[in-house]
Amino acid sequence: MVIDGLRVHYEQVGRGPDVLLIHGWASSWRMWARSMSRLAAAGYRATAIDLIGFGESDKPEDGWYTLGNFTRYVRSFAAQLGLTQPAIVGHSMGGTLALSLALEIDPSALVVAAPVVTGELGLSVHLLLTSPAARRLFGWMRQQGFFSAIGARRMPAAPGLMRDPVRRRNQEDLQKTTVNAVIGSLRTVVGSNLQDQLSLIDAPTLVIVGGRDLTVSPAQGRRAAKRIPGARLIEWPDVGHSIVDDRGDDCDELSREHLGSSSAAAGRAAAYAWSSAA
């Protein structure tokens, strides 16, 4: 599929009410493969997108990567696929994007794991990207044409050295992206602050965080759950940032339970069953 001149890759399985899954930074649709199979078995149509800059989707130049562009693009993607009021599931940067989308398209339900709400990442990463020295360095690099010269190059990675399948997948996904996408999307996350708008979200919302997350503080998810009316917060004290992989079975079960218990999702399931029988 091509939208606004950029080719986007996605995978889709199942039949039923729509669930749109959005991966995190430097990842791809593949992080949701297990979850998609389970959603399809539970009677949903699961769609996972490779965000622009990642996976098999196009990788534009440095200036494209803003939260506004990501949000508009995924909104257009959902519209072209006919995903009307889908439930949205997102992890990390994908959770931030899910929250941004929820402010525009009124999803039937929302599940966000380790979302970035105020642009604050783990202390070391945040300082690396936002300190005055970092800002001066990025400004100098742009003036010198650094991003134009090597921004389209693929990121170095070594998937062959990884025995663990999750680590290998992460390295393979990193290898498919570019310098522009990696740096541009990180700046997008750091430059985003949605907390003052979250009270406008009225979709049934589940927020999942890990107490040992050093990449995105669990305080970010707690803030989202506090700001979104009626949101439910689940915090696993022994889990880090890779919630979807480290607690995959629990995460999938919670998500399906949340989707099934929301009145909007139940209404769409009934409507789908009626239309299929007609």
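Before going into details, it helps to say that this report is about the structure given with it. (Residues numbered from 1 in each chain as written. Predicted model: local features only at pLDDT ≥ 70, side-chain atom pairs only at ≥ 80, totals over all residues. Heavy atoms only, no water.)

**Quick notes on the pattern of salt bridges**
And then number 1: Here the structure, examined in full by the defined rule, presents 16 salt bridges.
And then number 2: Residues Arg30 and Asp173 are paired through a salt bridge, measuring 3.1 Å at the closest nitrogen-oxygen approach. In this pair, Arg30 sits in the loop between β4 (18-22) and α1 (33-41) while Asp173 sits in helix α7 (residues 165-176), placing the two residues 143 residues apart along the sequence.
And then number 3: Residue Asp173 is classed as buried on the basis of its relative accessible area of 1%.
And then number 4: When the shortest N-O distance is used, the salt bridge between Arg187 and Asp62 registers 2.9 Å. Here Arg187 is found in helix α8 (residues 179-190), whereas its partner Asp62 is found in the loop between β5 (45-49) and α2 (67-81), with 125 residues between them in sequence.
And then number 5: Note on Arg187: relative accessible area 28%, which makes it partly exposed.
And then number 6: Taking relative accessible area as the criterion, Asp62 reaches 10% and is therefore assigned buried. (Salt bridge = Lys/Arg side-chain N within 4 Å of Asp/Glu carboxyl O. Helix = DSSP H or I, 4+ residues; strand = E, 2+ residues; numbered from the N terminus. Buried < 20%, exposed > 50% of the residue type's maximum accessible area, 1.4 Å probe, protein only.)

**Observations regarding unusual backbone geometry**
For residues other than glycine, phi is negative in most cases, and the peptide bonds are mostly trans.
And then number 1: Despite not being glycine, Gln85 shows a phi value in the positive range, around 50°.
And then number 2: The class for Gln85 is partly exposed, based on a relative accessible area of 34%.
And then number 3: Of note, Ser92 is a non-glycine position whose phi angle comes to about 60°, a positive value.
And then number 4: Structurally, Ser92 is set in the loop between β6 (87-91) and α3 (93-105).

**Here we look at the packing of aromatic side chains**
And then number 1: All told, the structure shown has five aromatic pairs when counted by the stated rule.
And then number 2: When the ring of Tyr10 is compared with that of Phe77, the centres are 5.4 Å apart and the planes differ by 70°; the resulting orientation is edge-to-face. Of this pair, Tyr10 sits in strand β3 (residues 10-13) while Phe77 sits in helix α2, placing them 67 residues apart in sequence.
And then number 3: With relative accessibility at 27%, the residue Tyr10 sits in the partly exposed group.
And then number 4: Assessed through its relative accessible area of 0%, Phe77 is described here as buried.
And then number 5: Between the aromatic rings of Trp64 and Tyr73, the centroid separation amounts to 6.2 Å while the plane-to-plane angle is 80°, which identifies the pairing as edge-to-face. Of the two residues examined, Trp64 and Tyr73, each falls in the buried class.
And then number 6: Clustering of aromatic rings is evident, with ring pairs tying together Trp64, Tyr65, Phe70 and Tyr73. (Phe/Tyr/Trp six-rings, centres within 6.5 Å; stacked < 30°, edge-to-face > 60°.)

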